[in-house]
Amino acid sequence: MVDAVFDLDALLSAEEIAWARKARAFATNRILPTIEEDFENKHFRREFVAELGAAGFLGMHLTGYGCAGAGAVSYGLVCLELEAADSGWRTFVSVQGSLAMSAIHQYGSEEQKQRWLPGLAAGELIGCFALTEAGGGSDPAAMTTTATRDGAGWLIEGSKRWIGLASLADVAVVWAQTDAGVRGFLAPTHTPGFTATPIENKLSMRASVQCDLRLDAVRVPADALLPDAAGLSGPFGCLNEARFGIVWGAMGAARSCLDAAILRSETREVFGKPIGATQLIQAKLADMLVEYEKGVLLALHLGRLKEQGTLTPAQISVGKLNSVREAIRIAQSARAILGGDGITSEFPVMRHLANLESVRTYEGTDEIHQLVIGRALTDLNAFS
């Protein structure tokens, strides 16, 4: 329905359209039939992981090691289509590909890449990215997790929170303070002392898995260290990859809500006619479409910049801040159009709205991205 007004395909290559259609087919045929039940039951369908790998979606923006080597816009379109079904599945692709796999691909040794990336790309293995701590995810420089030298290896001690996939993962990218600053380590999750506990009391992202993580004397060998990641530039580089996916993904959730509102406006009758025939409802729908189209066009612009190698962190912050904020507003307007039924699982809107509140928080809150943009505008640092 949205596509009838906004002809996005006219701005895309044939390859990009093919990736988008493949992702939409997966979302429609595999995720949507069970997502409301999975959200209600807090069920993560692990069987989808290998299917996502077979489709080429995992680490698809990376080259070599079984990865598809797709362009940034193609990756963004896949994120949009998956999140149109549910934010949890776009989040899975982001955690696996943009965080865990990107860390290994960008900062790992050749041996580390050969060991882990092919299995992660195929969905035979699952990875997680252990950065956030309970004390405050917005200030990773203050992390308390430490890695100290222990003979020929390292001893990792500490805790992390809100670590996606940690209880399912085969390998964790763990960020810790060392005597040389923050460094990244690859810790197989079967290592003694590694304990991941799913967070159970979530009212959002219920069809995905986020965990508390304890690292009690976790010993890893010397070659577990990511050799090319030194300081916070390592994890921040990965976070920007994930944020780019969110710029697109949030617009997928927005489109799903807008489509639901349009359909309901045509079938719900009040005062003897469809509510879509009233000026107030049409004005709401028009405003929702305008913000959706602007958000996707911004995402497309950022994707083209990324493909040119000129995309900056501040530009990514503009996209993440705008996409999530406007997606939430679109979902809220859709809920109003649906009336009381909008809070039921008969429609996807309330689920998307709940999920988007999590998306708004992770990979940088609104406030953090406002400060990133403000620093770029003024050349003054207001973080501390």
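Undergrad: Before we move on, could you go through the packing of aromatic side chains and cite the residues and values that matter?
TA: Counting across every chain of the model gives 10 aromatic pairs. Arranged with centres 6.1 Å apart and planes meeting at 50 degrees, the rings of W19 and F57 form a pair that is tilted. Of the two residues, W19 is situated in helix 1 (residues 14–31) and F57 in the loop between helix 3 (47–54) and strand 1 (63–64); the sequence distance between them amounts to 38 residues. Across the pair, exposure class does not vary: W19 and F57 are buried alike. A ring pair is formed by F48 and W89, whose centres lie 5.3 Å apart and whose planes are at 50 degrees; its orientation type is tilted. In this pair, F48 is assigned in helix 3 and W89 in helix 5 (residues 87–107), connecting sequence segments 41 residues apart. Residue classification places F48 among the buried positions, given a relative accessible area of 2%. Cluster of aromatic residues (ring-pair linked, three or more members): W19, F26, F44, F48, F57, W89 and F92.

Undergrad: Let's hear about the pattern of salt bridges: which residues, and what values?
TA: Per the stated rule, a full pass over the model turns up 21 salt bridges. R24 serves as the salt-bridge partner of E81, at 3.0 Å between the closest nitrogen and oxygen. Taken together, the residues span a long stretch of sequence, with E81 in helix 4 (residues 72–85) and R24 in helix 1 at a distance of 57 residues. Accessibility expressed as a relative area gives 5% for E81, which makes it buried. A relative accessible area of 33% places R24 in the partly exposed class. Here E36 and R351 are joined by a salt bridge, their closest N and O atoms 3.0 Å apart. Remark: R351 occurs in helix 10 (residues 349–361) and E36 occurs in helix 2 (residues 35–41); sequence separation between them is 315 residues. Residues participating in the shared-partner salt-bridge network are E16, R304 and E307.

Undergrad: Tell me about the layout of surface pockets, and please be specific about residues and values.
TA: Computed from the structure, the largest pocket encloses a volume of approximately 1,200 Å³. Lining the largest pocket are 45 residues, and of these T132, G137, Y362, E363 and G364 lie nearest its centre. Mapped onto the lining of the largest pocket, the elements with two or more residues apiece are helix 5, strand 5 (153–164), helix 7 (233–267), helix 9 (313–338), helix 10 and helix 11 (366–378). Ranked by the residues each element gives to the lining of the largest pocket, the list is headed by helix 5, at five residues. Class assignment for the residues of the lining of the largest pocket results in 20 nonpolar, 17 polar and eight charged. Its boundaries defined by the atoms lining it, the second largest pocket holds a volume of some 330 Å³. Lining the second largest pocket are 20 residues, and of these L32, A84, R255, S256 and D259 lie nearest its centre. Contributions of two or more residues to the lining of the second largest pocket are made by helix 1, helix 2, helix 4 and helix 7. Grouping the constituent residues of the lining of the second largest pocket by class yields nine nonpolar, three polar and eight charged.

Reading guide: rules and limits
- Residues numbered from 1 in each chain as written.
- Predicted model: local features only at pLDDT ≥ 70, side-chain atom pairs only at ≥ 80, totals over all residues.
- Heavy atoms only, no water.
- Phe/Tyr/Trp six-rings, centres within 6.5 Å; stacked < 30°, edge-to-face > 60°.
- Helix = DSSP H or I, 4+ residues; strand = E, 2+ residues; numbered from the N terminus.
- Buried < 20%, exposed > 50% of the residue type's maximum accessible area, 1.4 Å probe, protein only.
- Salt bridge = Lys/Arg side-chain N within 4 Å of Asp/Glu carboxyl O.
- 1 Å grid on protein atoms, 1.4 Å probe; cavity = no way out; pocket = protein on both sides within 12 Å on 5 of 7 lines; lining within 4 Å.
- Points joined across faces, edges and corners; volume = space filled by probe spheres on them.
- Nonpolar A, V, L, I, M, F, W, Y, C, P; charged D, E, K, R; others polar.

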